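Coordinate analysis (summary)
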Amino acid sequence: MMVSPGVMCDPLRKLRGSSLVAAYLLGSVFCSSLAAQTSSTTSSSSETLSGLTSPSRFASSLTVPEYLISPDDVLSVNVYDAPEISGEYRVGPNGQLELPLLAEAVEAADLTPAQLSRLLVKKYAEEEIFSNARVTVSVKQSRIHSITVAGAVKNPQIYPLFGKTTVLDVLSQAGGLSDDASNMAFVARGEVAIQALNQSGACTPTNSHNGDVACTGTVTIDLKRLMETGEPASNVELYPGDRITVQRAGVVYVVGAVNRPGGFPLRSSEEEMTVLKALALAEDTKSTAQKSKAVIIRKNPEGKNGRQEIAVNLKNVLTGRAPDPTMQASDILFVPDSSGTKALRRAVDSAVYITTGLIIWHR
């Protein structure tokens, strides 16, 4: 999002005291220069990065190819002193743009917003509608220039993107990771990214962990490493057309006579979940639990009803007289209640039913 020089420099104008006169003078020179630069680019991108992080934040030598208007883009056209004409207009499937008062549609596809602005000024003058119109064009929505965030994030959706950004910025915009997110994310590169990376010569491997991560069609990101170290090479740049998918973690479920029944995610495929760990996450059993009759319910296509039941004597496990069984993703640890002694079979079926509801809720 482009920032008005007035907004950036307003704090300088509020400085008080003779000791700050020099800072004020230096700031005034900077603001004058910034205003000149801003006025020359307003017509092409004043609103295209609205709500997004400005690409100028990134100290990369990579450049994004200049944006070209595409069919089905939604454009914001502003004609100065003509609010009845100004508004948002969609480019047709054939690449043409129809605007009020113009006799014919304008060929907008494959033009930059700045080029379209100049063309509209010319068209309004030729048809003697405005002799010296001031027209600005910006892109509000684009079917092609967007980035998809999917998987285990809180707000998975398609976000408009006209510059480059990073993995952390995109995940933040998506509301962060969901509770069942794993430590792995995958980036599928789009055409814009491939073109920019090839042109820049950025595919020379380095000694960093993800030194050549930008050079492949599919990029694997270790989110745990990124969050813990903040390694810049892991926080790869993303471009319009890229798709980032956060992998869902495996989940184990603990239900029945426990204090906190629910699903507990495995953050990575390497993480080991045992019965005692799962029981600790469920905040231990209730006083009425039948610890000797606990059971692990595991998916098994060859078993009865597509599942396998593994008996677990929690009393022996807790006292160290029996090994602590390892649980797999999607396993259900069911701890029956003493009140269900006569209906243990129905209780197991109920555990599966309840867990199915938990799975739906998690997704």
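Before going into details, it helps to say that this report is about the structure given with it. As the structure is a prediction and not an experimental result, all values here were calculated from the model. (Residues numbered from 1 in each chain as written. Predicted model: local features only at pLDDT ≥ 70, side-chain atom pairs only at ≥ 80, totals over all residues. Heavy atoms only, no water.)

1. Observations concerning the overall build of the protein
Across its full length, the protein holds nine helices and 19 strands. Taken across its 363 residues, the protein has 39% of its residues classed as buried. Pairs at least 24 apart in sequence give 64% of the contacts found in the protein among residues at least 6 apart. Just so you have it, the protein exposes about 19,900 Å², and 52% of that area is on carbon and sulfur atoms. (Helix = DSSP H or I, 4+ residues; strand = E, 2+ residues; numbered from the N terminus. Buried < 20%, exposed > 50% of the residue type's maximum accessible area, 1.4 Å probe, protein only. Contact = heavy atoms within 4.5 Å. Areas by Shrake-Rupley, 256 points an atom, 1.4 Å probe, with all protein chains shown as cover.)

2. Section: helix 3 (residues 113–126)
Between its first and last C-alpha, helix 3 extends 20 Å over 14 residues, near the 20 Å set by a 1.5 Å rise per residue. Burial in helix 3 covers these residues: Pro113, Ala114, Leu116, Ser117, Leu120 and Tyr124. End-on, the buried residues of helix 3 take up no more than an arc of 160 degrees, which puts them together on one face. Residues of helix 3 that are exposed and point more than 90 degrees away from the buried face comprise Arg118 and Glu126. (Expected span 1.5 Å × (residues − 1). Arc of directions from axis to C-beta.)

3. With respect to the sheet that holds strand 5 (residues 135–141)
Working definition: the strands of a sheet are paired by backbone hydrogen bonds and lie parallel or antiparallel to each other. If you trace the three strands from one edge of the open sheet to the other, you get 2-1-5, paired in antiparallel fashion. One side of each edge strand has no neighbouring strand; the edge strands of this open sheet are strand 2 (87–90) and strand 5. Each neighbouring strand pair of the sheet contributes to a mean axis angle of 30 degrees, computed without reference to strand direction. Bridge analysis of strand 1 (residues 74–79) against strand 5 gives six bridges, and the strand direction is antiparallel. The partner of Leu75 across the bridge, within strand 5, is Val139. (Pairing = 2+ DSSP bridges. Axes fitted to C-alpha atoms, helices over the stretch in contact; angles between N-to-C directions.)

4. Some remarks on the pairing of strand 10 (residues 218–222)
Of the two faces of strand 10, the one holding Val219 and Ile221 is buried and the one holding Thr218, Thr220 and Asp222 is not buried anywhere. For strand 9 (residues 181–188) and strand 10, the ladder comprises five bridges, and the chain directions are antiparallel. Counterpart to Ala188 in the pairing with strand 10 is Thr218.

5. Thoughts on the packing of aromatic side chains
According to the stated counting rule, one finds one aromatic pair in the structure shown. Plain terms: the ring middles of Tyr124 and Phe130 are 5.4 Å apart, the flat faces sit at 75 degrees to each other, and that makes the pair edge-to-face. According to the relative accessible area criterion, Tyr124 is buried, its value standing at 0%. Across the ring face of Tyr80, the terminal group of Arg134 is positioned such that the distance to the ring centre comes to 4.4 Å. (Phe/Tyr/Trp six-rings, centres within 6.5 Å; stacked < 30°, edge-to-face > 60°. Lys NZ or Arg CZ within 6 Å of the ring centre and 35° of its normal.)

6. Overview of the side chain of Asn235
Mapped onto the secondary structure, Asn235 falls in the loop between helix 6 (223–229) and strand 11 (237–238). In terms of polar contacts, Asn235 uses its side chain to reach the backbone amide nitrogen of Val167, at 3.3 Å. At 3.0 Å, the side chain of Asn235 forms a polar contact with the backbone nitrogen of Leu168. Excluding its chain neighbours within four sequence positions, the residues that come into contact with Asn235 are Thr166, Val167, Leu168 and Leu226. (Polar contact = N/O pair within 3.5 Å; in protein donor to acceptor, adjacent residues only side chain to side chain.)

7. A look at the environment of Val149
Within the secondary structure layout, Val149 lies in strand 6 (residues 146–151). Note: C-alpha distance between Val149 and Val187 (38 residues apart in sequence) is 9.4 Å. Leave out the neighbours within four places in its chain, and Val149 touches Pro156, Gln157, Tyr159, Val170, Ala174 and Ile244.

8. Remarks on the pairing of strand 7 (residues 157–160)
Looking at chain direction, strand 6 and strand 7 are connected through four bridges and run antiparallel. Paired with Thr148 across the strands is Ile158, a residue of strand 7. In this antiparallel pair of consecutive strands, strand 6 and strand 7, the connection spans five residues.

9. So, the pattern of salt bridges
This model, assessed by the stated rule, comprises four salt bridges. Its salt-bridge partner being Arg189, residue Asp242 comes within 2.9 Å of it at the nearest N-O pair. Taken as a pair, Asp242 in the loop between strand 11 and strand 12 (243–248) and Arg189 in the loop between strand 9 and helix 5 (191–200) lie far apart in primary sequence, 53 residues in all. Each member of the pair, Asp242 together with Arg189, is buried. (Salt bridge = Lys/Arg side-chain N within 4 Å of Asp/Glu carboxyl O.)

10. Some points on unusual backbone geometry
Its identity is not glycine, yet Asp72 carries a phi of approximately 75 degrees, on the positive side. Tracing the chain through its elements places Asp72 in the loop between helix 2 (21–45) and strand 1. Looking at Asp72, the relative accessible area reads 26%, which means it is partly exposed.

11. So, the sheet that holds strand 16 (residues 294–299)
Strand order in this open sheet of five strands is 14-13-19-16-17, and the pairing throughout is mixed. At either margin of the open sheet sits one strand with a lone partner, and together these are strand 14 (262–266) and strand 17 (307–312). The average angle at which neighbouring strand axes cross in this sheet is 20 degrees, direction not considered. The pairing of strand 16 with strand 17 spans six bridges and is classified as antiparallel. By the bridge assignment for strand 17, Ile296 is matched with Ile310.

12. Some points on the nonpolar core
Grouped together as the largest cluster of nonpolar side chains are 22 residues, with contacts concentrated most on Leu75, Val77, Leu116 and Leu120. Secondary structure elements with two or more residues in this core: strand 1, helix 3 and strand 5. With 21 residues, the next largest nonpolar core counts Ile147, Ala152, Tyr159 and Ile221 among its residues. (Core = buried A, V, L, I, M, F, W, Y, C linked by side-chain atoms within 4.5 Å.)

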